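Architecture and fold: a report
Below are the chains, spelled out letter by letter.
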Amino acid sequence: ETIVLISSIGKAGGNFVYHDRWTSDGDYLYSGEGKTGDQSMTKGNLAIKNASNDGKKIHLFVKFSPQEYYYQGVFELVDYTYDDEKDENGNFRKEYKFRLRKK
């Protein structure tokens, strides 16, 4: 009945592979699952895509440090894209970006 997403933002440098962020209009862009190579529409990515049809609520937590997790509330999927981004090895790959909006 529930999908729990834990997102990390504010990472600088290193091999941080996810590109999560708040948009200027208040939505949240959540990077899909998978650190290397093209991401696929399976497992967690498929669960986010199908959440509404499956009657599941998406709960978002944002992690600022190993001890700091902040609950953001219940979100719904607005849409998603499949864009070019770098993976953890620095190679370009296709990455899902889910646009989530607070309900």
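Preceding this paragraph is the structure being described.
Structural notes, computed from the coordinates. (Residues numbered from 1 in each chain as written. Predicted model: local features only at pLDDT ≥ 70, side-chain atom pairs only at ≥ 80, totals over all residues. Heavy atoms only, no water.)

**A few points about the nonpolar core**
The test is simple: The criterion is simple. A nonpolar core is a set of buried Ala, Val, Leu, Ile, Met, Phe, Trp, Tyr and Cys residues joined through side-chain atoms within 4.5 Å. Only protein chains enter the accessibility calculation, which uses a 1.4 Å probe; a residue whose area is less than 20% of its type maximum is buried, one above 50% is exposed, and one in between is partly exposed. Runs of H or I in DSSP of at least four residues are treated as helices and runs of E of at least two as strands, each being numbered from the N terminus. Should any heavy atoms of two residues lie within 4.5 Å, those residues are considered in contact.
In this structure, Leu5, Tyr28, Tyr30, Ile48, Ile58 and Leu100 are the most contacted members of the largest nonpolar core, which totals 14 residues. Every element with two or more residues in this core is listed here: strand 1 (2–8), strand 3 (28–31), strand 4 (57–65) and strand 6 (92–102). Not counting residues up to four positions away in its chain, the partners in contact with Tyr28 are Ser7, Ile9, Asp20, Arg21, Trp22, Leu60, Val62, Phe75, Phe98, Arg99 and Leu100.

**Focus on helix 1 (residues 43–50)**
Taken together, the buried positions of helix 1 are occupied by Asn45, Ile48 and Asn50. Taken together, the buried residues of helix 1 touch strand 1, strand 3, strand 4, strand 5 (68–86) and strand 6.

**Looking at the sheet that holds strand 5**
Within a sheet, adjacent strands bond to each other through the backbone by hydrogen bonds, running parallel or antiparallel. Rules: The pairing criterion for strands is at least two bridges between them, as found by DSSP. Here an angle of 0 to 180 degrees is reported between the N-to-C directions of two axes, which are lines fitted to C-alpha atoms, with helices fitted over the stretch in contact.
The sheet built from six strands is open, its strands ordered 1-4-5-6-3-2 with mixed pairing. At either margin of the open sheet sits one strand with a lone partner, and together these are strand 1 and strand 2 (21–22). Inspection of the sheet shows strand 3 paired to strand 6 by four bridges, in the antiparallel sense. Directly across from Leu29, in strand 6, lies its bridge partner Arg99. Here helix 1 sits on the sheet and contacts strand 1, strand 3, strand 4, strand 5 and strand 6; the angle it forms with strand 6, its principal contact strand, is near 35°.

**Examining the pairing of strand 4**
As paired elements, strand 1 and strand 4 share seven bridges and run parallel to each other. Pairing of Ile6 across the sheet is with Phe61, part of strand 4. One ladder, built from seven bridges, connects strand 4 with strand 5; its direction is antiparallel. The residue of strand 5 that forms the bridge with Phe61 is Tyr71.

**Observations regarding the side chain of Asp27**
For clarity, the cut-off: Between N or O atoms, a polar contact is any pair within 3.5 Å; within protein, one atom must be a potential hydrogen donor and the other a potential acceptor, and residues adjacent in sequence are included only when both atoms are from side chains.
Its place among the elements puts Asp27 in the loop between strand 2 and strand 3. Residue Asp27 is classed as buried on the basis of its relative accessible area of 2%. A polar side-chain atom of Asp27 sits 2.9 Å from a polar atom in the side chain of Arg99. Here Arg101 takes part through its side chain, which lies 2.8 Å from a polar atom of the side chain of Asp27. Apart from the residues lying within four places of it in its own chain, the contact partners of Asp27 are Arg21, Trp22, Arg99, Leu100 and Arg101.

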